[in-house]
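Listed below are the residues making up each chain.
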Amino acid sequence: MSLANLKTLRDTADRFFTAVYDGLVAAVDFIFSFIQRLLGIKGMPYVFVLPNLLIFGIFILFPMLLNFVYAFTGGTSFFPEQRPWVGTQNFEQLLTCKNYLDPNTCVEDLFWRAVYNTIWYVVFQVAGMVLISLLTALILNRKIKARGFFRSVFFYPVLLSPIVVSLIWKWILQDTGALNGILTSLGYQKMPFLINAQQAQFWVVMISIWAFMGFYTLILLAGLQSIPADLYEAAAIDGANPWQAFTRITMPLLTPTMVVVVVLSLIRAVQVFDIAFVFTGGGPGTATLFLVQFIYNYGFSSPNKLFGLAAAASLVMAAVLIILTGIQLLARREEN
Amino acid sequence: MKSARLFAFLMVVVLLLTACGAPAAPATEAPTEAPVVTEAPTEAPKEPVELRFTYYADGVEADVMKPILDKFMAEYPYITVVLDVVPYKTIDEQLPAQVEAGEGPDLARITNFGAYRGKLLDLRGYMADPAYYEANFPAPILNALGFGGYPDALTITGPYVNKTLFDQAGIEIPGEGTTWEQWTEITKKVKEATGAEYAISIDRTGHRFAGPAMSMGATLINAEGKFTVDTPGFRAFAQIVKGWFDNGITPVQVWLSAEPVNSCIGPFKAGQLVMCMSGSWQINGIVKDVGDTFDWVVVPNPTGPGGSTGISGGSAVVGFASTKHPQEVAMLIEFLIKAENYAEFSAGTLALPAHKEVAAKGVQYKTDNPDVVAALGVYTNEVTKLTEQAASLNVHPYAFAYYRNSANRIAQYLSGELSLDDMLLNLQQDIDKAIAEAQK
């Protein structure tokens, strides 16, 4: 086939596709013009957000509203119409304690154990996460060799599913895991990584930091790179040492970013579930039972489900998350 | 510009093709061949019926069930039975919700009878011979099932012992009448003499815990049929197990690791454990996994002030009231409870029969392994020793309230998180609350 023939063929195809394309566009235009005539120009944004709104309504808003129904009704039935109204009984059951510092005195002691476990997890995980992410970001912000490679390495665990992360670490740390295998082959005793309460708690915090720190490191790195270099040059000319430069320039200018990182990691920490659930199952005992797993256990994992208590607990948790989100919004406003 | 238009056009076409494409094929394909009608030519051919049978297997149960279902389908060619083999977790957690929502299968193999109260199909009205059905299974089980199914296997709890370790230690395996305290001491001696990693353990479930507790004198179900956990017998056995933990002679991960239900059979199969208190359903797995690695035996349940008793249990094949094919479901169940089919299942799965006619005739288990034959003999003997409360625990309508909470609460005690008093108090409250909620 000659070049001229090829060109003719291409032009014919182009004319054909252009005609079909124009036809399709005209058809779409006709439909949307009709809708616009029907609803007016002000109604059109609603048409465009309708698909997303439907998905949001069916899968998020409706279950959220249904959650209120379950929280104020009792029994084990799945169907709302078969559940008797119990008022605030589920909340009273959850929140009644003789001594709030001793879960054993609470009507729903497991809920309070989960609350306290979640509090210590949030404190240690967020503190550890921010500190380690900051140190990593500071190192990666320097002109070190293979900087791009290291940035990828630290970000890589973020790309993994938390379930995969938990399984990998479980294989390493469980009683018959890789690490104990190495220890015993070297003549040492096995370590109770997952069956000693303190060790299990330590490892849950460490693993979640390992899994998520790449994300926060990236945010802090962006914050560090937005600090003008001439500030450091001016400080150096004035005789400031690296520590002074860090405390007087880096930290003050990084504070808004730090607040965002703290609040984001705080919200995520309160929601801890997947990593701990797969890694320790909430044990040993209830040493790593967190709030979301408490809700899951009561609402989903048992054959005879206590939906009311689970729904009430999730509303209590939602209140905490709303407060934290409010703080985040305030922090963003401050940053802007 | 032309290229951009061409690209845009192709994208639109791809999107339209994707959107307008034929719907995905259903998960189950239609049979490739039309069912062969075997009835007399004058009778109109029956509409094809598909029955969904949700099934879990501890071992080879599904493999043994399939040929029996094939026989059924050969006999009734218009009925197709689709065996959906799922993990036990699905049966335990998802199936009750599916059934509650009216989205359940036609049949299933279940263990938690209480979760399906009022949801099972009363088969008697659809069976050709309901009297045979009622006469051949224990009445308490049929009542617990609401006559909606049959127990396909009887299980009983009991201990496995590593005979090779006893032989190596030069210690004789004790027999009937040995107490839990004595077993603790003896297995400890075997562990020390052989260098085995662990001496003694029990599965992490309230079900397994209940038998020894009853042997120690616990009255878990009192005269009014209510659950009471704070009894001297329950306390005594909890303290014995705590002693295993404190003395470092038990694999603590069985009770303290991540799995919601954990068995000591893993360390036992690995040859690390002298004695594992589990149950008759483990025989297949032990045969398969231990092989010739070491010799093992089942010993009689240890005794105490409350006698010597295991806990009976087992699974049941049930039909659901929501089925669109109640007649065919009843036909299938009636086929499965025929003595020859039931016996075939028991023989192939090495399960103790709950079927009176089959039990009376005796089962020719499909094994030439003398260990298995001996183990089945010991378990069969344990059935005769069951105390009344041990036999009624599993079919108690509120057994779930004890099962759901006991393992976690006992684990809290064993990990040192709760005192014995607090554990018993909390467990009793959990049970009372769960029952009260279920009664609303």
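These figures come from a predicted structure and were not determined experimentally. (Residues numbered from 1 in each chain as written. Chains lettered and ligands numbered in written order. Predicted model: local features only at pLDDT ≥ 70, side-chain atom pairs only at ≥ 80, totals over all residues. Heavy atoms only, no water.)

A. Structural view of the interface of chain A and chain B. At the interface, 47 residues of chain A touch 36 residues of chain B. The residue D109 of chain A makes a salt bridge to R409 of chain B at a minimum N-O spacing of 2.6 Å. Along the contact surface separating chain A from chain B lie 10 residue pairs in polar contact (both at pLDDT 80 or more). Every element with two or more residues in the side of chain A that touches chain B is listed here: helix 1 (3-39), helix 3 (89-95), helix 4 (109-140), helix 11 (274-279) and helix 12 (291-301) of chain A. Looking at the side of chain A that touches chain B, its residues break down into 20 nonpolar, 17 polar and 10 charged. (Contact = heavy atoms within 4.5 Å. Salt bridge = Lys/Arg side-chain N within 4 Å of Asp/Glu carboxyl O. Polar contact = N/O pair within 3.5 Å; in protein donor to acceptor, adjacent residues only side chain to side chain. Helix = DSSP H or I, 4+ residues; strand = E, 2+ residues; numbered from the N terminus. Nonpolar A, V, L, I, M, F, W, Y, C, P; charged D, E, K, R; others polar.)

B. Summary view of the domain arrangement of chain B. Residue and element names in this part refer to chain B. Examined at the domain level, chain B breaks down into domain 1 (49-155 + 314-361) and domain 2 (157-312 + 385-439). A separation of 29 Å is found between the C-alpha centroids of domain 1 and domain 2. At the junction of the two partners, domain 1 supplies 16 residues and domain 2 supplies 13 residues. Surface buried jointly by domain 1 and domain 2 totals about 1,100 Å² across both partners, of which 57% is contributed by carbon and sulfur atoms. When residues of domain 1 are sorted by the area they lose upon contact with domain 2, R117, T155 and L350 head the list and together hold 45% of the total. Within the residue set of the side of domain 1 that touches domain 2, elements represented by two or more residues are helix 5 (139-144) and strand 4 (149-162). Counting residues per element, the side of domain 1 that touches domain 2 draws most heavily on helix 5, at three residues. Taken together, the residues of the side of domain 1 that touches domain 2 break down into eight nonpolar, five polar and three charged. (Domains from an automatic or database assignment. Buried area = accessible area lost by both parts, 1.4 Å probe.)

C. Structural context of the pairing of strand 4 of chain B. Residues and elements named next belong to chain B. Burial of strand 4 is extensive: 14 of the 14 residues sit out of reach of the surface. Alignment of strand 4 against strand 6 (residues 273-279), held across five bridges, turns out to be antiparallel. Residue V161 lies in a different strand from strand 6, and its bridge partner there is M275. Relative to strand 7 (residues 296-298), strand 4 runs antiparallel, the two sharing three bridges. Bridged to V161 within strand 7 is V297. (Buried < 20%, exposed > 50% of the residue type's maximum accessible area, 1.4 Å probe, protein only. Pairing = 2+ DSSP bridges.)

D. Main features of the packing of helix 9 (residues 232-246) of chain B against helix 18 (residues 399-414) of chain B. Residues and elements named next belong to chain B. Running from N to C, helix 9 and helix 18 point in directions that differ by 45°, and their axes come no closer than 10 Å. If you check the angle between helix 9 and helix 18, you find them oblique. Once helix 9 is placed against helix 18, the crossing between them reads as right-handed. Judged by residue contacts, F234, A238, Q239, V241, K242 and F245 of helix 9 engage Y402, I410, Y413 and L414 from helix 18. Taken together, the residues of the contact of helix 9 with helix 18 break down into eight nonpolar, one polar and one charged. (Axes fitted to C-alpha atoms, helices over the stretch in contact; angles between N-to-C directions. Parallel < 35°, antiparallel > 145°, perpendicular 65-115°, else oblique. Left-handed = near helix turned anticlockwise from the far one by under 90°.)

E. Up close: the domain arrangement of chain A. All names here are of chain A. We note that the domain assignment places domain 1 (3-82) and domain 2 (109-335) within chain A. Here the C-alpha centroids of domain 1 and domain 2 sit 38 Å apart. In this assembly, nine residues from domain 1 lie in contact with eight residues from domain 2. Both faces considered, domain 1 and domain 2 share a buried interface measuring about 660 Å² in area, 70% of it formed by carbon and sulfur atoms. Here domain 1 and domain 2 share zero salt bridges between them. At the junction of domain 1 with domain 2, the criterion picks out two residue pairs in polar contact (both at pLDDT 80 or more). When its residues are assigned to classes, the side of domain 1 that touches domain 2 shows four nonpolar, five polar and no charged.

F. Expanded view of the pattern of salt bridges. Within the structure shown, the criterion is met by 26 salt bridges over all chains. Between E197 of chain B and K190 of chain A there is a salt bridge; the shortest N-O distance is 3.1 Å. Of the two residues, E197 of chain B sits in the loop between helix 7 (180-194) and strand 5 (198-202) while K190 of chain A sits in the loop between helix 7 (178-185) and helix 8 (197-225), which places them in two different chains. Residue class for E197 of chain B comes out partly exposed when judged on its relative accessible area of 33%. Overall, the relative accessible area of 24% leaves K190 of chain A in the partly exposed class. Salt bridges linked by common partners bring D109 and R113 of chain A together with R409, E417 and D430 of chain B together as one network.

G. Structural detail: the state of the cysteines. All names here are of chain B. Tallied over the full model, the rule gives two disulfides over all chains. The disulfide partner of C264 is C276, and the gap between their sulfur atoms is 2.1 Å. Residues C264 and C276 are joined by a disulfide whose S-S torsion is about 80°; by sign, that bridge is right-handed. Taken as a pair, C264 in the loop between helix 10 (253-256) and helix 11 (265-269) and C276 in strand 6 lie far apart in primary sequence, 12 residues in all. By relative accessible area, which is 0% here, C264 ends up buried. (Disulfide = S-S within 2.5 Å.)

H. View of the environment of T184 of chain B. Residue and element names in this part refer to chain B. Within the secondary structure, T184 sits in helix 7. Residue classification places T184 among the buried positions, given a relative accessible area of 11%. Taking the C-alpha atoms as reference points, T184 and S201, 17 residues apart in sequence, are found 9.5 Å from one another. When residues no more than four places from it in sequence are discounted, the contact partners of T184 are I200, I240, W244 and I249.

I. Structural detail: the side chain of D106 of chain B. All names here are of chain B. Here D106 shows up in the loop between helix 3 (88-100) and strand 3 (107-110). One buried charged residue, D106, remains without a salt bridge, the closest side chain of opposite sign being R52 at 6.4 Å. Side-chain polar atoms of D106 contact the backbone nitrogen of R52, separated by 2.8 Å. When sequence neighbours within four positions are dropped, the list of residues in contact with D106 reads E50, L51, R52, V318, G319, F320, T323, K324, H325 and V329. (Lys, Arg positive; Asp, Glu negative; His and termini not counted.)

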